[in-house]
Amino acid sequence: MRKYLYIFASFLFIAILMNMAIAQEIKGVILDLENSKRVSSVKITNLRTQQEVNSDTEGNFTIPGQVSDYLAFAVRGYDRDTAFIYQDGLRYIYLIRDKSTIQIDEVVVTKITDSRLSREIERAKNNSKSVETSQQRGGLRVSPSRLFGQSAKQARNSIQILVLEQESRFVDRVFTDQKILALVPLNSSDLALFKSKYRPSYTFIKQAQPEDLTSHILESYAAFKKLSKK
């Protein structure tokens, strides 16, 4: 009897280890931002562990890692880029071709990785500047064409869209499913509704301490339960 219990315990232990190993993986698909075609032979590096893998012919990859890791992506013909892994699940990574410009709208922006998003914000800010410097003319001068021109207006509109996306990602990394479910019991459908209704603002998340977010979740859950009963 003891022998069978020992064997059962051994298999159980192995199964637990296998599940842990599976949980410590990041899976994703790499696509071209312009046409959504899958990109093969991309080198993916986990910047925390320095482990490397390559995407297969269908753009799929699996690399050891966990939530809060940064992955770097490199392949000839595309900009090098990085992505922050802020939650579990299949990740879709969109790479941008070298020297390509992107269309700034809500649909495309959501596909840009974090480092690319930061670069696009800086580019838009530079394009919207109305003050120029000139060594030949000396000092600073205001350029009406840059201040009121069509490209400057487009750049300022782009900044608003890009910054909103950046702020949204910042909130997503803090107001996560894991954080919420660690404090309150919600099924998958209620969780989605809860996150949508009680999503904190960027200003709150930026200034909040961990205990502030905990209080926000608990107070929101109390209100959510009352609303559900009604």
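For the structure itself, look to the data block above.
Residues numbered from 1 in each chain as written. Predicted model: local features only at pLDDT ≥ 70, side-chain atom pairs only at ≥ 80, totals over all residues. Heavy atoms only, no water.

**Quick notes on the sheet that holds strand E5 (residues 70-74)**
Within a sheet, neighbouring strands are paired by backbone hydrogen bonds and run either parallel or antiparallel to one another.
Right, on to step 1. Read from one edge of the open sheet, four strands run E3-E2-E5-E6, paired in antiparallel fashion. The sheet is open, and its two edges are formed by strand E3 (52-54) and strand E6 (81-84), each paired on a single side. For this sheet the average axis-to-axis angle between neighbouring strands, irrespective of direction, equals 25°.
Right, on to step 2. Bridging between E5 and E6 involves four bridges; their strand directions are antiparallel. Bridging across to E6, leucine 71 finds its partner in alanine 83. (Pairing = 2+ DSSP bridges. Helix = DSSP H or I, 4+ residues; strand = E, 2+ residues; numbered from the N terminus. Axes fitted to C-alpha atoms, helices over the stretch in contact; angles between N-to-C directions.)

**Some thoughts on the side chain of threonine 176**
Right, on to step 1. Its place among the elements puts threonine 176 in the loop between helix H5 (150-174) and helix H6 (177-181).
Right, on to step 2. With a relative accessible area of 9%, threonine 176 lands in the buried category.
Right, on to step 3. Within the structure, the side chain of threonine 176 is placed 3.1 Å from the backbone nitrogen of lysine 179, a separation counted as a polar contact. (Buried < 20%, exposed > 50% of the residue type's maximum accessible area, 1.4 Å probe, protein only. Polar contact = N/O pair within 3.5 Å; in protein donor to acceptor, adjacent residues only side chain to side chain.)

**Focus on the pairing of strand E1 (residues 25-32)**
Right, on to step 1. With six of eight residues buried, E1 lies mostly within the body of the structure.
Right, on to step 2. Bridge analysis of E1 against strand E4 (residues 60-64) gives five bridges, and the strand direction is antiparallel. Along E4, the bridge assignment pairs glutamate 25 with proline 64.
Right, on to step 3. In the sheet, E1 pairs with strand E7 (residues 91-95) via five bridges, with the strands oriented parallel. Residue pairing in the sheet places leucine 31 in a bridge with tyrosine 94 of E7.

**Some words on the pattern of salt bridges**
Right, on to step 1. Going through the model one piece at a time under the given rule, you end up with nine salt bridges.
Right, on to step 2. Lysine 195 serves as the salt-bridge partner of aspartate 177, at 2.8 Å between the closest nitrogen and oxygen. Separated by 18 residues along the polypeptide, aspartate 177 in helix H6 and lysine 195 in helix H7 (residues 188-197) bring together distant segments of the chain.
Right, on to step 3. Put simply, Asp114, Glu165, Arg169 and Arg173 are held in one network by salt bridges that share partners. (Salt bridge = Lys/Arg side-chain N within 4 Å of Asp/Glu carboxyl O.)

**Topic: unusual backbone geometry**
Trans peptide bonds make up most of the peptide bonds, and negative phi angles are found at most residues other than glycine.
Right, on to step 1. The backbone of serine 36 shows a phi angle near 65°, a positive value even though the residue is not glycine.
Right, on to step 2. With respect to the secondary-structure elements, serine 36 resides in the loop between E1 and strand E2 (43-46).
Right, on to step 3. Of note, the phi angle at glutamine 50 is positive, near 65°, even though the residue is not glycine.
Right, on to step 4. In this fold, glutamine 50 is placed in the loop between E2 and E3.

Read these as layout, nothing more, since geometry by itself doesn't imply function.
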